[in-house]
Amino acid sequence: MSVNLNETIWHPRRERKMSEVKSQAILDVIKNCIVKKNNDIPFYVADFSDVLYKCRYWKTKLPRIEPFYAVKCNSDPMLLNLLVSLGIRFDCASKGEIDAVLAAGAESSDIIYAHPFKSNTFLRYAASVNVDLMTFDCEQELHKIKKISPQARLVIRISIPNVPAAFPLSNKFGCTLKEAQKLLVTAQNLGLNIVGVSFHVGSLCEQPFAYAKAIKMAREVFDMAEDIGYHFTLLDLGGGFPGSTGSLDIFDKMCYYITEALEEHFPQGCGVRVIAEPGCYIACSAYTLCCKVIGKKTDDMNLEDEGSYKQQVFYYLNDGAYGSFGYGFEKYGFRIKPLLNFKIY
């Protein structure tokens, strides 16, 4: 089954008026699950109408840019199946993610293998299932690809420095513009096919203007490549788009700067395909975690300086740092809603 995002006239404000109804529906589902299951296992409730809303909103604000969903964000098979039906493509970073996307019904041509460092085994696997679009950012990776997957279509990833983000990536992945020029020459000498440029301004980017800066830098690499003998046809804007409830204002600002920068450096009709890798943007606000307080402990602290006691209360949940509350979870704009108005025995 496929879903056409343009089938009906869509009004974002009118659709968002249903948020209170949706919130109550999610709460009803949670209560029903707790009553029926009667156990202490945490679970998620997914609101796929929210995913549809986000995909439609993306198409409204960024009509030129094809979203490649970042599977690392949430690889729920039902979510992947829905995204396939919506015609969304995928950013995969491992063999497991490629497997999950293909199992959901995507084609190999719907995937970009967007990890700059790939194991030999994973490279061979990608080649075996015809996933040939992939990123790189150093000479060592070029030699690896030349040996294992010489027919690959490569995308050079550049680093965008000094961008405030919840999870900065400029020191981890990407090359400088000076390094990019050397890599282009090396790739040409190796007979490898580079088709475009990618970047990532950092997960949960806090500076919407960063996309304009990055697009300008990408334009410089496009021009370098043209001088060397390449003709690039792909620009990948990466991720960094927020997705928590209430984050559309900053997303709108990002869209403004992206649209302006594309018009200046990659205008409509220039022959460059523009993609991006939203993950959190699509999945974050659609999922609600339900977990249970399974223990409570009080601890009296002796405040010697004040000559008094202070009581601390510790609550223990049935989920934790090795589950849903992994490193950095607090940066994703989650909201806590205690369910105290009914009893479960």
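Everything numeric in this text was worked out from a predicted model, so none of it was measured.

Asker: Hey, could you go over the overall build of the protein for me, with residue numbers and the actual values?
Answerer: Regarding its fold elements, the protein presents eleven helices and 14 strands. Burial statistics for the protein: of 345 residues in total, 45% are counted as buried. Here the analysis covers contacts within the protein between residues at least 6 apart in sequence; of these, 67% occur between residues at least 24 apart.

Asker: Describe helix α7 (residues 139–148), naming the residues involved and giving the relevant values.
Answerer: Looking only at α7, the buried set comprises Glu 141, Leu 142, Ile 145 and Ile 148. End-on view of α7: buried residues confined to an arc of 145°, all on one side of the axis. Exposed and oriented more than 90 degrees from the buried face of α7 are Gln 140 and Lys 147. The secondary structure elements touched by the buried residues of α7 are α6 (120–128), β5 (133–136), β6 (153–158) and α8 (177–190).

Asker: Tell me what's going on with the pairing of strand β1 (residues 43–46), and back it up with residues and numbers.
Answerer: Remember that side chains alternate between the two faces of the sheet whenever the strand is regular. Here β1 shows a buried face lined by Phe 43 and Val 45 and an unburied face lined by Tyr 44 and Ala 46. Inspection of the sheet shows β1 paired to strand β12 (residues 287–290) by four bridges, in the antiparallel sense. Across the sheet, the residue bridging to Ala 46 is Tyr 287, located in β12.

Asker: Explain helix α3 (residues 48–61) to me, using residue names and the numbers behind them.
Answerer: Between its first and last C-alpha, α3 extends 20 Å over 14 residues, near the 20 Å set by a 1.5 Å rise per residue. Every buried residue of α3 is listed here: Asp 50, Val 51, Tyr 53, Lys 54, Cys 55, Arg 56, Tyr 57 and Trp 58.

Asker: Explain the pattern of salt bridges to me, using residue names and the numbers behind them.
Answerer: The tally for this structure, following the rule as stated, stands at twelve salt bridges. Residue Lys 292 is joined to Asp 40 by a salt bridge in which the shortest nitrogen-to-oxygen separation is 2.8 Å. With a gap of 252 residues between them, Lys 292 in the loop between β12 and β13 (293–303) and Asp 40 in the loop between α2 (19–37) and β1 connect regions that are remote in the sequence. A relative accessible area of 38% means that Lys 292 is categorised as partly exposed. When the shortest N-O distance is used, the salt bridge between Lys 61 and Asp 252 registers 3.9 Å. Residue Lys 61 is located in helix α3, and its partner Asp 252 is located in helix α10 (residues 248–265); the two are separated by 191 residues in the primary sequence.

Conventions adopted
Just so you know, the residues in each chain are numbered from 1, in the order the chain's sequence is written. This being a predicted model, a pLDDT of at least 70 is required before a residue's local features are given, and a value of 80 or more before pairs of side-chain atoms are given or counted; all residues contribute to the totals for chains, interfaces and linings. Calculated side-chain values reflect all of the structure's heavy atoms, with hydrogen atoms and water omitted. A helix here means a DSSP run of H or I that spans at least four residues, while a strand means a run of E at least two residues long, and both kinds are numbered starting from the N terminus. Categorising residues by exposure relies on relative accessible area from a 1.4 Å probe, with only protein chains included: less than 20% of the type maximum marks a residue as buried, more than 50% marks it as exposed, and the intermediate range marks it as partly exposed. The contact criterion used is simple: two residues touch if any of their non-hydrogen atoms lie within 4.5 Å. By definition, the arc is the one covered by directions from the helix axis to the C-beta atoms. Note on pairing: two strands pair once DSSP finds at least 2 bridges between them. Any helix carries an expected span of 1.5 Å times its number of residues minus one. A pairing counts as a salt bridge when a side-chain nitrogen of Lys or Arg comes within 4 Å of a carboxyl oxygen of Asp or Glu.

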